[in-house]
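Read off the chains here:
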Amino acid sequence: MDPKKGMEYLIENSLVENTPQDVATFMYTAQGLSKTAIGQYLGERNAFNQDALKSFVNLHEFSQTNLVQALRHFLWSFRLPGEAQKIDRMMEQFADRYCQLNPGVFSSTDACYVLSFALIMLNTSLHNPNVKDKLTPDAFVAMNRGLQTDQQQDDLSRELIMDLYNSIKREPLKIPEDEMEDLMFTFFNPVKEGWLFKRGGRCKTWKRRWFILNDGCLYYFQYTTDKEPKGIIPLENVCVRGVSDRAKPNCFELYSTSTEYVKACKMDSFGKVIEGNHKVFRISASTEEEQDGWIRSISSAISENPIHDLINQRKRRSRIASTE
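First, a word on scope: everything that follows refers to the structure included in this document. (Residues numbered from 1 in each chain as written. Predicted model: local features only at pLDDT ≥ 70, side-chain atom pairs only at ≥ 80, totals over all residues. Heavy atoms only, no water.)

### Looking at the pairing of strand β1 (residues 192-199)
The test is simple: Two strands qualify as a pair provided DSSP detects at least 2 bridges between them. Going along the chain from the N terminus, every DSSP run of H or I of four or more residues is numbered as a helix, and every run of E of two or more is numbered as a strand.
Both β1 and strand β2 (residues 206-214) contribute to a ladder of 8 bridges, which runs antiparallel. Within β2, the residue paired with F197 across the bridge is R208. Hairpin connection of β1 to β2: 6 residues between the antiparallel strands. Two elements, β1 and strand β9 (residues 280-284), share 2 bridges in a ladder whose sense is antiparallel.

### A few points about the nonpolar core
Short version of the rule: Here, nonpolar core refers to any group of buried Ala, Val, Leu, Ile, Met, Phe, Trp, Tyr and Cys residues whose side-chain atoms link them within 4.5 Å. Summary of the burial criterion: residues with accessible area below 20% of their type's maximum are buried, those above 50% are exposed, and those between are partly exposed, where the area comes from a 1.4 Å probe applied to protein chains only. The contact rule is simple, with two residues in contact once any of their heavy atoms fall within 4.5 Å.
L42, L67, M91, F106, L115 and L119 are the most contacted members of the largest nonpolar core, which has 51 residues in total. A per-element tally of this core places helix α7 (residues 109-127) first, with 11 residues. Contact partners of L119, with chain neighbours within four places excluded, come to L67, V68, L71, F140, L164, I168 and L173. Among the nonpolar cores identified, the runner-up in size contains 20 residues, and I233, I295, I298 and I302 belong to it.

### Quick notes on unusual backbone geometry
Of note, the phi angle at Q64 is positive, near 50°, even though the residue is not glycine. As for its position among the elements, Q64 is in the loop between α4 (47-58) and α5 (67-76). Within the chain, N250 stands out as a residue other than glycine whose phi angle is a positive 55°. When you line up the elements, N250 lands in the loop between β5 (238-243) and β6 (251-256).

### Some words on the side chain of S167
In this fold, S167 is placed in helix α9 (residues 158-170). Ignoring any residue separated from it by four or fewer positions in sequence, one finds S167 in contact with V68, Q69 and R72.

### Here we look at the packing of aromatic side chains
For the record, the criterion: The aromatic pairing rule takes the rings of Phe, Tyr and Trp, using the six-membered ring of Trp, and pairs them if the centres are within 6.5 Å, calling planes under 30 degrees apart stacked, those over 60 edge-to-face and the rest tilted. For a ring to carry a charge above it, either NZ of a lysine or CZ of an arginine must fall within 6 Å of the ring centroid while also lying within 35 degrees of the normal to the ring plane.
Summed over all chains, the structure comprises 13 aromatic pairs. Among the aromatic residues, those joined into a cluster by ring pairs are Y28, F56, F62, F74, F78, F94, Y98 and F106. The ring of W195 has R208 lying over it, and the distance from NZ or CZ to the ring centre is 4.0 Å. Looking at R241, its charged tip hangs above the ring of Y255, at a distance of 3.8 Å from the centre.

### Regarding the packing of α5 against α7
Axes are the key here: two packed helices are described by the angle between their axes and the distance separating the axes. Our working rule: Geometry is summarised by axes, namely lines fitted to C-alpha atoms with helices restricted to the contacting stretch, and by angles between N-to-C directions that run from 0 to 180 degrees. Throughout this description, any angle smaller than 35 degrees is read as roughly parallel, any larger than 145 degrees as roughly antiparallel, any in the 65 to 115 degree range as roughly perpendicular, and the remainder as oblique. In the scheme used here, Gly and all other residues not listed as nonpolar or charged are polar, with Ala, Val, Leu, Ile, Met, Phe, Trp, Tyr, Cys and Pro taken as nonpolar and Asp, Glu, Lys and Arg as charged.
At their nearest, the axes of α5 and α7 sit 11 Å apart, and the two run at 75° to each other. Considered as vectors, α5 and α7 are oriented roughly perpendicular to each other. In contact with L67, V68, L71 and L75 of α5, α7 contributes C112, L115, S116, L119 and I120. Looking at the contact of α5 with α7, its residues break down into 8 nonpolar, 1 polar and no charged.

### Here's the deal with the pattern of salt bridges
To be explicit about the condition: A side-chain nitrogen of Lys or Arg and a carboxyl oxygen of Asp or Glu constitute a salt bridge if their distance falls within 4 Å.
Going through the model one piece at a time under the given rule, you end up with 6 salt bridges. Between D245 and R199 there is a salt bridge, with the nearest N and O atoms lying 3.7 Å from each other. Note that D245 is positioned in the loop between β5 and β6 and R199 in strand β1, a separation of 46 residues in sequence. Taking relative accessible area as the criterion, R199 reaches 16% and is therefore assigned buried. D245 is the partner of R282 in a salt bridge, and the nearest nitrogen-oxygen pair spans 2.8 Å. Taken together, the positions of R282 in strand β9 and D245 in the loop between β5 and β6 put the pair 37 residues apart, joining distant regions of the chain. Residue classification places R282 among the buried residues on the basis of a relative accessible area of 15%. In this structure, a network of salt bridges that share partners links the residues R199, R241, D245, E253 and R282.

Function-wise, these values are silent; they only describe arrangement.
What follows is the structure, encoded as structure tokens:
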């Protein structure tokens, strides 16, 4: 169920009070809730959800807790959504709460925000087997140098940053999983969906597939009733463009901006997940209007690295504030 509709049902039936504080308390204390749905609801932009997010974060106790332990506690209480702007709002509230309970650790909430993101990226670098070039201790120290922009406060010590690095190295951050519910939630709330033809990678045959666009990914299925996709294309470091093809009309394609192949995965005939081998993903729509609609929707969902953009924006803002 859509978390917004689910919460409306609970409020209408007097199971939850229609206040951000009561909604937040319900999400923080109730057992068996989808942590993916909690993350989606709290990440919404409207004022009520934002107030609920602040109340939810304020239920966490981070006093006299180092940043890694606070992150472990925070990230286990819900599932971070995929959209960069939702993540930004949630991590900003986390940084505000941490600095409120631990005054003097950071010169600003921006420094806490940037280092928190750095730790999440470090966790991916060290513990994701697909990442070949692991972030070294020296590189991690270097990327977090100069975060304390207050001239009256010393920069974060190498010893402190190394303690955080080693904590993540010893024990990865645990992200809650809702198993198939994560996928079903994504597929029931698409940005765009519809039938398209997809050209194969090695064999250039065209097959009709049901496509769903959501959470920064393009999913395709053999049938609309399938519970699991036949393939997933993350919209990272890719672009989309309209193209002409002799075999099919109204074509567009996804192509990589950083490597030879587009990062993707698919199911083989035995049900095993394998890495895709497409240099481009060429897709055909039934009409020119549909082609334009898919190109616009995919273009708006694409970002080469939204998290890095957010971090760089925060660093720039912090530097500007320190010179004023």
